[in-house]
Amino acid sequence: MARQSDGTDHPVRLVPVTVMPSESGTLGVLQASEHIGFVPKRVYFLTHLPEGAKRGAHAHRRLRQCIVCLSGGVTLEVIKREHRSIHRLDTPGTAAILDAGCWRDLFDFAPGTVVVVIASEEYDPGDYIRSFEEFRQWEASGDAGIPYLDLRRTPADVRRDITLALDDVVQSGTFVGGPQVAGFEERFADFCGVASAVGTGNGLDALSIALRAAGIGVGDEVILPAHSFVATALAVTAVGAEPVLVDVDPELSLIEAGAIANAITLRTRAIIPVHLYGHPADMDPLLEIAAARNLFVLEDAAQAHGALYKGRPVGSLGDCAAFSFYPTKNLGALGDAGAIVTNDSRLATVARSVANYGSVQRYHHDRLGVNSRLDAMQAAMLTVKLGHIEAWNARRRALAAIYLEGLKDIPGLLLPQVRDWATPVWHVFALRVPGRRDSLREALARASIGTNLHYPVPIHLQACYSGRWSAGQFPVAEAICSDTLSLPLDPTHAEDEIHRVVDAVRRFFAA
Ligand SMILES: *Cc1c(COP(=O)(O)O)cnc(C)c1O
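Residues numbered from 1 in each chain as written. Predicted model: local features only at pLDDT ≥ 70, side-chain atom pairs only at ≥ 80, totals over all residues. Heavy atoms only, no water.

Undergrad: I keep staring at the overall build of the protein and nothing clicks. Help me out?
TA: Assigned secondary structure in the protein consists of 14 helices and 24 strands. A principal-axis box enclosing the C-alpha atoms of the protein has dimensions of 90 × 65 × 35 Å. The buried share of the protein, taken over its 511 residues, is 53%. In the protein, once contacts between residues fewer than 6 apart in sequence are set aside, the share between residues at least 24 apart is 72%. For the protein, the exposed area adds up to about 22,300 Å²; of that, 52% sits on carbon and sulfur atoms. Charge separation in the protein, taken as the distance between the mean sites of 48 positive and 58 negative side-chain charges, equals 3 Å. (Helix = DSSP H or I, 4+ residues; strand = E, 2+ residues; numbered from the N terminus. Buried < 20%, exposed > 50% of the residue type's maximum accessible area, 1.4 Å probe, protein only. Contact = heavy atoms within 4.5 Å. Areas by Shrake-Rupley, 256 points an atom, 1.4 Å probe, with all protein chains shown as cover. Lys, Arg positive; Asp, Glu negative; His and termini not counted. Charge placed at Lys NZ, Arg CZ, Asp CG, Glu CD.)

Undergrad: Explanation requested: the sheet that holds strand S16 (residues 268–271) in the structure shown.
TA: What links the strands of a sheet is backbone hydrogen bonding, and the strands pair in either a parallel or an antiparallel sense. Overall, mixed pairing links the seven strands, which are arranged S13-S21-S20-S17-S16-S14-S15 in an open sheet. A strand with exactly one partner marks an edge of an open sheet, and here the two such strands are strand S13 (196–200) and strand S15 (242–246). Looking at each pair of strands side by side, their axes are set apart by 25° on average, direction ignored. Sheet topology places S16 next to strand S17 (residues 296–300); two bridges connect them, and they run parallel. From the neighbouring strand, Ile271 faces S17, where its bridge partner is Val297. (Pairing = 2+ DSSP bridges. Axes fitted to C-alpha atoms, helices over the stretch in contact; angles between N-to-C directions.)

Undergrad: Whenever I open this one, the site of the ligand confuses me. Can you help?
TA: By nearness alone, 14 residues border the ligand, and Gly203, Asp300, Gln303, Ser324 and Lys329 come closest of all. Separating an oxygen atom of the ligand from a backbone N or O atom of Leu204 is a distance of 2.8 Å. Note that a nitrogen atom of the ligand is positioned 2.8 Å from one of the side-chain N or O atoms of Asp300. Calculation on the ligand without its partners gives an accessible area of 380 Å², and the protein chains cover 91% of this total. For the shell around the ligand, the elements supplying multiple residues, two or more each, are helix H5 (203–213) and helix H6 (231–238). If you tally residues by element for the shell around the ligand, the top one is H5, at three residues. Considered class by class, the residues forming the shell around the ligand number six nonpolar, six polar and two charged. (Near = heavy atom within 4 Å. Polar contact = N/O pair within 3.5 Å; in protein donor to acceptor, adjacent residues only side chain to side chain. Nonpolar A, V, L, I, M, F, W, Y, C, P; charged D, E, K, R; others polar.)

Undergrad: Would you explain helix H4 (residues 179–192) in this entry?
TA: Because the α-helix completes a turn every 3.6 residues, residues three or four places apart line up on one side. Compared with an ideal rise of 1.5 Å per residue, which puts 14 residues at 20 Å, H4 spans 20 Å between its outermost C-alpha atoms and is within 8% of the ideal. For H4, the full list of buried residues reads Val181, Phe184, Glu185, Phe188, Ala189, Phe191 and Cys192. Seen from one end, H4 has its buried residues packed into an arc of 155°, which puts them on one side. Among the exposed residues of H4, those pointing more than 90 degrees away from its buried face are Pro179, Glu186 and Asp190. Once H4 finishes, Gly193 follows within two positions and takes phi at roughly 70°, a positive value. (Expected span 1.5 Å × (residues − 1). Arc of directions from axis to C-beta.)

Undergrad: Whenever I open this one, the pairing of S13 confuses me. Can you help?
TA: Within a regular beta strand, the side chains point alternately toward one face of the sheet and then the other, so they alternate between its two faces. The buried fraction of S13 amounts to five of the five residues, a majority that puts the element mostly inside the structure. The side-chain alternation of S13 yields two buried faces, one formed by Ser196, Val198 and Thr200 and the other by Ala197 and Gly199. The pairing of S13 with strand S21 (residues 338–342) spans five bridges and is classified as antiparallel. Following the sheet pairing, Thr200 is matched in S21 by Gly338.

Undergrad: What am I meant to see in the nonpolar core here?
TA: Generally speaking, soluble globular proteins have nonpolar side chains that are buried together. By size, the foremost hydrophobic cluster in this structure holds 56 residues, and its most contacted members are Phe184, Phe188, Phe323 and Phe325. Here Phe184 is in contact with Phe325, Leu331, Leu374, Ala379, Leu382, Thr383 and Leu386, once residues within four sequence places are set aside. Listed in part, the 36 residues of the second largest apolar core include Val198, Ala235, Ile459 and Trp469. (Core = buried A, V, L, I, M, F, W, Y, C linked by side-chain atoms within 4.5 Å.)

Undergrad: Can you walk me through the packing of helix H3 (residues 156–172) against helix H10 (residues 376–386) in this structure?
TA: When two helices pack together, their arrangement is given by the angle between the helix axes and the distance between those axes. As a packed pair, H3 and H10 sit with axes 9 Å apart at the nearest point and diverge in direction by 145°. Crossing hand, H3 versus H10: right-handed. Contacts between H3 and H10 involve Val158, Asp161, Ile162, Ala165, Leu166 and Val169 from the first element and Ala376, Met377, Ala380, Met381, Val384 and Lys385 from the second. For the contact of H3 with H10, a count of residues per class yields 10 nonpolar, no polar and two charged. (Left-handed = near helix turned anticlockwise from the far one by under 90°.)

Undergrad: Help me understand the sheet that holds strand S11 (residues 114–119) in this model?
TA: Spatially, S1-S9-S6-S11-S4 is the arrangement adopted by the five strands of the open sheet, whose pairing is antiparallel. For this open sheet the edge positions go to strand S1 (12–16) and strand S4 (42–46), each flanked by a neighbour on one side alone. Averaged over all adjacent pairs, the angle separating strand axes in this sheet is 25°, with direction ignored.

Undergrad: Quick question: what am I supposed to make of the packing of aromatic side chains here?
TA: The description of an aromatic ring pair uses the distance of the two centres, along with the angle that the planes make with each other. Applying the stated rule across the entire model yields 16 aromatic pairs. Where Tyr465 meets Trp469, the ring centres are 5.4 Å apart and the plane angle is 70°; that geometry is what we call edge-to-face. Comparing Tyr465 with Trp469 shows no difference in burial state: the two are buried. Centroid distance Phe508 to Phe509: 5.1 Å. Interplanar angle 90°. Geometry classified as edge-to-face. By way of ring pairs, the aromatic residues Phe184, Phe188, Phe191, Phe323 and Phe325 are connected into one cluster. Stacked on the ring of Trp469, the Lys or Arg Arg468 has its end atom at 4.3 Å from the ring centre. (Phe/Tyr/Trp six-rings, centres within 6.5 Å; stacked < 30°, edge-to-face > 60°. Lys NZ or Arg CZ within 6 Å of the ring centre and 35° of its normal.)

Undergrad: I tried to follow the pattern of salt bridges on my own but got confused; where do I start?
TA: Opposite charge on two side chains allows them to pair when their charged atoms are near. Applying the stated criterion across every chain yields a total of 23 salt bridges. For Arg419, the salt bridge goes to Glu251, with nearest N and O atoms at 2.7 Å. With a gap of 168 residues between them, Arg419 in the loop between helix H11 (389–406) and strand S22 (422–423) and Glu251 in the loop between S15 and helix H7 (257–263) connect regions that are remote in the sequence. Here Lys310 and Asp284 are joined by a salt bridge, their closest N and O atoms 2.7 Å apart. Here Lys310, found in the loop between strand S18 (308–309) and strand S19 (312–313), pairs with Asp284, found in helix H8 (residues 283–293); they are 26 residues apart in sequence, far enough to count as distant. (Salt bridge = Lys/Arg side-chain N within 4 Å of Asp/Glu carboxyl O.)

Undergrad: When you look at the side chain of Ser196 in this model, what are you seeing that I'm missing?
TA: Within the secondary structure layout, Ser196 lies in strand S13. Owing to a relative accessible area of 19%, Ser196 belongs among the buried residues under this scheme. Sequence-distant contacts of Ser196, defined by excluding residues within four places in its chain, comprise Ala189, Ile340, Val341, Thr342 and Ala348.

Structural data, given as structure tokens:
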């Protein structure tokens, strides 16, 4: 079922249309962004309806419609799951906007009625469902499963705004860099509470370019948590430095200052704390060590857009931070994208140059750079989504609260913890299920509930690093990888879906 960005369902919306009567006749205006709710691809109209006519009596799987009665009158009936409503349309001053997946009937046409229907898709016979019974079956089949994450659930209003924003980009003729990118960088820097943001091609590049801009390379050591996505380590390897892993805290699965202090050598130049799963790392003790040893602190905030540490946004805590906008992240693009944020304007300038062929002035290359820039298309859509991120993060917290309440006090299941200094953004809701993770995962799969593993293999046991570390060296990270299970948690999940997951997990432990 399509959902608004706040997560509520709305199969039919009545929207006031701008109608301007004057002595020379009446002018009505429907705008895609304000009234229609999607980008139109087809318009058709109904006229000369015989008395007693009925139209409609079908549903569309994907197509959305905006129906306006220009003269006369017609009754519209809309059915979607438990929703059923009847509307009398008899003025061009009101548009009825129907979501995809609605059953609709049009009847009781007044004489001389003219109806215009604006559609979101071109004609596609496969999109129609013409029997009510088949429609109910189709709805029920959609109920069967709860996906771990389904990016097709992007709310209709956000989809519309993205499409309109992308059209602006196509019109602008500027596709790499340009005002869209600069505008997004400024907004994203504000969002993180820092002075500058530099767009990059992806999150891995954001990390490695930040390290290069800080002058870290061959002969240097960089400390990072043994439990993270592999990119954190690969970024260090990419600049020729040595990744030094330290085991994580078993309660939060995050890097800890105590472990860092033990790993510092004369060659240590930087620390990369990772705000994994959307929960910030405990930064103050870490920053104290870094200050005492003059170490560069690069936050890996790829999973934590908008998370707060003691009320301050992640990304503003270290010397610099790297974000990813990979589509599945809390703020996701239409492809790969990333950003570096910092209060250090010199670092930002160098990072921008590294990302742009080592160049500040065109065709003059001061350093050996790379090509890793933010596309205007990604910046335009990220700007649209940035307007929703606070609401989406709040919804993630509300859904996490359902899990935390519904799954408490189950022996053999460890819930994720939240420190009182943290406002997490729940990129991942990761349970620990020692000894029974795989059987819980299978039981949920049998109930058509999608889950994920973050991550099945720890960094130090990845084949790409074979010979570098050995099994047993980071026991906490290894335990997390063997007993952690991620449950569905995305702003597009309905509360009801989360309750169904809770029930399925409880059934597993009761059996
Ligand atoms: C996703 C991610 C990255 C890498 O981002 P990409 O955009 O996929 O390159 C780095 N670190 C962490 C913790 C991540 O989750």
